[in-house]
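# Structural characterization, general
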Amino acid sequence: MLCRRGLPDLAGRADRFPAVAAAVAATEADSASRDQAGEFGLERILDGLAAYMSRARGVA
């Protein structure tokens, strides 16, 4: 399951990361949820980059 999601390092360590394993498992069966989660994550990354670039330019 986790290997198919592009998380091969986590596949054998679900006991160490139960919250991540549960989140991945919850979205495995529901592609709409998976798409929404991916979109949300991408938006947060882009928000962070925009904030970083603003600070780097001296814009608060």
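Residues numbered from 1 in each chain as written. Predicted model: local features only at pLDDT ≥ 70, side-chain atom pairs only at ≥ 80, totals over all residues. Heavy atoms only, no water.

### Quick word on the packing of aromatic side chains
Applying the stated criterion to the full structure yields 0 aromatic pairs. For Arg 44, the ring lying beneath its charged end belongs to Phe 40, and the centroid distance is 4.7 Å. (Phe/Tyr/Trp six-rings, centres within 6.5 Å; stacked < 30°, edge-to-face > 60°. Lys NZ or Arg CZ within 6 Å of the ring centre and 35° of its normal.)

### Observations concerning the pattern of salt bridges
Under the defined criterion, the tally for this structure stands at 2 salt bridges. Put simply, Arg 44 and Asp 47 hold a salt bridge, and the shortest N to O gap is 2.7 Å. With Arg 44 and Asp 47 both in helix H3 (residues 31-56) and 3 residues apart, the pair spans about one turn of that helix. Among the residues examined, Arg 44 registers a relative accessible area of 37% and is labelled partly exposed. Its relative accessible area of 41% is what places Asp 47 among the partly exposed residues. Each of Glu 43, Arg 44 and Asp 47 takes part in a single network of salt bridges with overlapping partners. (Salt bridge = Lys/Arg side-chain N within 4 Å of Asp/Glu carboxyl O. Helix = DSSP H or I, 4+ residues; strand = E, 2+ residues; numbered from the N terminus. Buried < 20%, exposed > 50% of the residue type's maximum accessible area, 1.4 Å probe, protein only.)

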